[in-house]
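Below, each chain spelled out in residue letters.
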Amino acid sequence: AISNAEYSDDTPTGSGSSIDLTSDANGNVFVSDGAAALNIASGINEVSVSFWQKNSSTPSTSSFWADPGRALQAHVPWSNGNIYWDTAGCCNGGTQRINADANDFGQDWTEWNHYVFIKSEDYKEIWINGELFLDGENTGPLPTNINKLWIGAGGNGGNSLRGKMDDFAVFASTLDEDQILSIYEGGTDLYPAKRDISALDVEEEPPFSVPLLIDFAGDGANSAGASPAPWVSINNLVQDQSFDLGSGVSITALDDGFNPNNPAQPGEGATYDGISVPQEARNDYLFKIADAAGTSARMRIDGLPAGEYHVTVFEGRTTDVSQFAKIWSGDDEPATQNTGDFAKGSASVRVSVAEGQSLWYKHLEDGSGGVSGMIINAAPEIVNISVVRNADGTVTVTFDGTLQTAPTVNGPWSDVDGNSPLTIPSSDAAAFGRAKK
Ligand SMILES: [Ca+2]
Ligand SMILES: [Ca+2]
């Protein structure tokens, strides 16, 4: 099962897919039942683990981990630049672990590098890009009760590689230099024949659909609780850290972070832009952490498909005097606020988002209150209607869809039998008109 990771077409061989674990500290490929196959290697106390890896950064991570008891594990590297190769537990230098500083070996961590970790009875080796990096003696035999394997991560799927991995392979044998070079040079003879893995369903995220419903402040301290699905509740936003909204859309706070607060709650839901907003969303809000009046901080929403959106923001706090913001797409930041005051209520802004553009919200901090939530919905279709008075006293109405008229501005409305442009004689009774699609 694959968790918190995605496929990438960036591969060392230029074909197929790698697994990308860059964005999550808990990304991993977990092998449960199949992990017992590693006991074939344990039975002869001989194993070679081969894979390609490209680190985007090098915090303290593991590239693979078999349980129980850290049967097999490698840090590639740990945050100190050491590569560690652990077997049969940790961290005895005589029985379990070899390690060395790999910073100066010549590989660039951020490029694709090929690694092989070998234990051949008591002798261990680590190879990087077809060259022997380290060898040593560890006398602890491989455990023969292996039942779990995490690829790209440590025990329980944490401390995961921040980077990409490809062609992870385990051999119940000791690869020799020629075999290692063969893999490094792109040979596939040592791999088993390709199997059809289409049946191993990878759960794909559904495509983005409106409305996207965001509850600012979830179930953390100073929050009123998470809103029921399909609302996405955000406990807080850390500056420069993206938050996954699902379906490839994310939100990132820039300039400052946002923290939750929940005084003066309305204690009831409301309807904004035709959407029922639960009280869990209204009863709390996020405020700019440095909340001095006159300061501002942005939120950037990435990954929205191109389209016309109606972006609605709202604030539930019943004692906030005012709240303003700017909402725009791409580089079109307006000079001044364009929401109007949405304290104790809501405001909607129509935004056109082009392919690849970000949607922006800029919080204009006034020292009180904040923003309780955001609704990103499809913009209502623009229906045009115009009227021209002609020289002969008739009027010509040009409209989209169907023209309707009514004796009062509140109706009742009835369809007019005629197509646009429609010329109405001056003898007709005065009426209110509207176009409807
Ligand atoms: Ca909430
Ligand atoms: Ca305010």
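Because the structure is predicted, anything quoted here is derived from the model rather than measured. (Residues numbered from 1 in each chain as written. Chains lettered and ligands numbered in written order. Predicted model: local features only at pLDDT ≥ 70, side-chain atom pairs only at ≥ 80, totals over all residues. Heavy atoms only, no water.)

### What to know about the state of the cysteines
One pass over the full model with this rule turns up one disulfide. Across a sulfur-sulfur distance of 1.5 Å, Cys90 and Cys91 are joined as a disulfide pair. The S-S bond linking Cys90 to Cys91 shows a torsion near 100°; that makes this disulfide right-handed. Residue Cys90 is classed as partly exposed on the basis of its relative accessible area, which comes to 29%. Overall, the relative accessible area of 44% leaves Cys91 in the partly exposed class. (Disulfide = S-S within 2.5 Å. Buried < 20%, exposed > 50% of the residue type's maximum accessible area, 1.4 Å probe, protein only.)

### Let's talk about the environment of Ala431
Position of Ala431 among the secondary structure elements: in the loop between strand E33 (422-424) and strand E34 (432-436). Ala431 has contacts with Thr405 and Ala406, leaving out every residue within four places of it along the chain. (Helix = DSSP H or I, 4+ residues; strand = E, 2+ residues; numbered from the N terminus. Contact = heavy atoms within 4.5 Å.)

### What to know about the pattern of salt bridges
Tallied over the full model, the rule gives 11 salt bridges. Lys164 is paired through a salt bridge with Asp10; the nearest N and O atoms lie 3.0 Å apart. Taken together, the positions of Lys164 in strand E14 (residues 163-171) and Asp10 in the loop between strand E2 (6-8) and strand E3 (18-20) put the pair 154 residues apart, joining distant regions of the chain. Of the two residues, Lys164 and Asp10, both sit in the buried class. Among the ionic pairs, Arg300 bridges to Asp302, the shortest N-O distance being 2.8 Å. Assessed through its relative accessible area of 24%, Arg300 is described here as partly exposed. Among the charged side chains, a network of salt bridges with common partners joins Asp10, Lys54 and Lys164. (Salt bridge = Lys/Arg side-chain N within 4 Å of Asp/Glu carboxyl O.)

### So, the coordination of the calcium ion (ligand 2)
Protein coordination at the calcium ion (ligand 2): the donors are Asp320 (OD), Asp320 (OD), Ser322 (O), Gln323 (OE1), Asp366 (OD), Asp366 (OD) and Ser368 (O), at 2.2 to 2.7 Å from the metal. Sequence spacing of the donors to the calcium ion (ligand 2): D-x1-S-Q-x42-D-x1-S. Highlighted residues: Gln323 in the loop between strand E24 (307-314) and strand E25 (324-329) and Ser368 in the loop between strand E27 (359-364) and strand E28 (373-378), separated in sequence by 45 residues. We classify Ser368 as partly exposed; its relative accessible area is 23%. (Donors = N, O, S within 2.8 Å, 3.2 Å for Na, K, Ca; no water.)

### Observations regarding the packing of aromatic side chains
For the structure shown, the criterion picks out 14 aromatic pairs. When the centroid spacing of 5.9 Å and the interplanar angle of 25° are considered together, the rings of Trp52 and Tyr184 count as stacked. Placement of Trp52 in strand E5 (residues 46-55) and of Tyr184 in helix H2 (residues 177-184) is noted, with a sequence separation of 132 residues between them. With centroids separated by 5.8 Å and ring planes inclined at 5°, the aromatic side chains of Trp328 and Trp360 adopt a geometry described as stacked. With Trp328 in strand E25 and Trp360 in strand E27, this residue pair connects regions lying 32 residues apart in the sequence. (Phe/Tyr/Trp six-rings, centres within 6.5 Å; stacked < 30°, edge-to-face > 60°.)

### Focus on the sheet that holds strand E16 (residues 232-234)
In space, the five strands of this open sheet follow the order E16-E15-E28-E24-E26, with mixed pairing throughout. The strands lining the two open edges of the sheet, one partner per strand, are E16 and strand E26 (346-353). Going from strand to strand, the sheet's axes swing by 20° on average, the running direction of each strand aside. By the bridge criterion, four bridges tie strand E15 (residues 212-216) to E28 in an arrangement that is antiparallel. Pairing of Leu212 across the sheet is with Ile376, part of E28. (Pairing = 2+ DSSP bridges. Axes fitted to C-alpha atoms, helices over the stretch in contact; angles between N-to-C directions.)

### Focus: unusual backbone geometry
Cis geometry is adopted by the peptide bond preceding Pro211, which originates at Val210 and carries an omega value of -5°. Note on placement: Pro211 falls in the loop between H2 and E15. For the bond running from Gly411 to Pro412, omega is 0°, close enough to zero to count as cis. Structurally, the position occupied by Pro412 is in the loop between strand E31 (402-406) and strand E32 (414-415). Non-glycine residue Arg70 carries a positive phi angle of around 50°. Its identity is not glycine, yet Asp273 carries a phi of approximately 50°, on the positive side. Position of Asp273 among the secondary structure elements: in the loop between strand E20 (270-272) and strand E21 (275-277). Residue Asp273 is classed as partly exposed on the basis of its relative accessible area of 31%.

### A word on the sheet that holds E33
Read from one edge to the other, the open sheet built from three strands follows the order E29-E30-E33, with strand pairing classed as antiparallel. Where the open sheet ends on each side, the last strands, each with one partner, are strand E29 (385-389) and E33. Within this sheet the neighbouring strands show an average axis-to-axis angle of 25°, counted without direction. Where strand E30 (residues 395-399) lies against E33, three bridges are found, and the strand directions are antiparallel. Paired with Val397 across the bridge in E33 is Leu422.

### Let's talk about the coordination of the calcium ion (ligand 1)
Protein-derived ligands of the calcium ion (ligand 1) are Asp215 (OD), Asp215 (OD), Ala217 (O), Gly225 (O), Glu280 (O), Asp284 (OD) and Asp284 (OD), with the metal-ligand distances lying across 2.3 to 2.7 Å. Sequence positions of the donors to the calcium ion (ligand 1) reduce to the motif D-x1-A-x7-G-x54-E-x3-D. In this pair, Asp215 sits in strand E15 while Asp284 sits in the loop between helix H3 (279-282) and strand E22 (285-288), placing the two residues 69 residues apart along the sequence. With respect to burial, Asp215 and Asp284 carry one shared label: buried.

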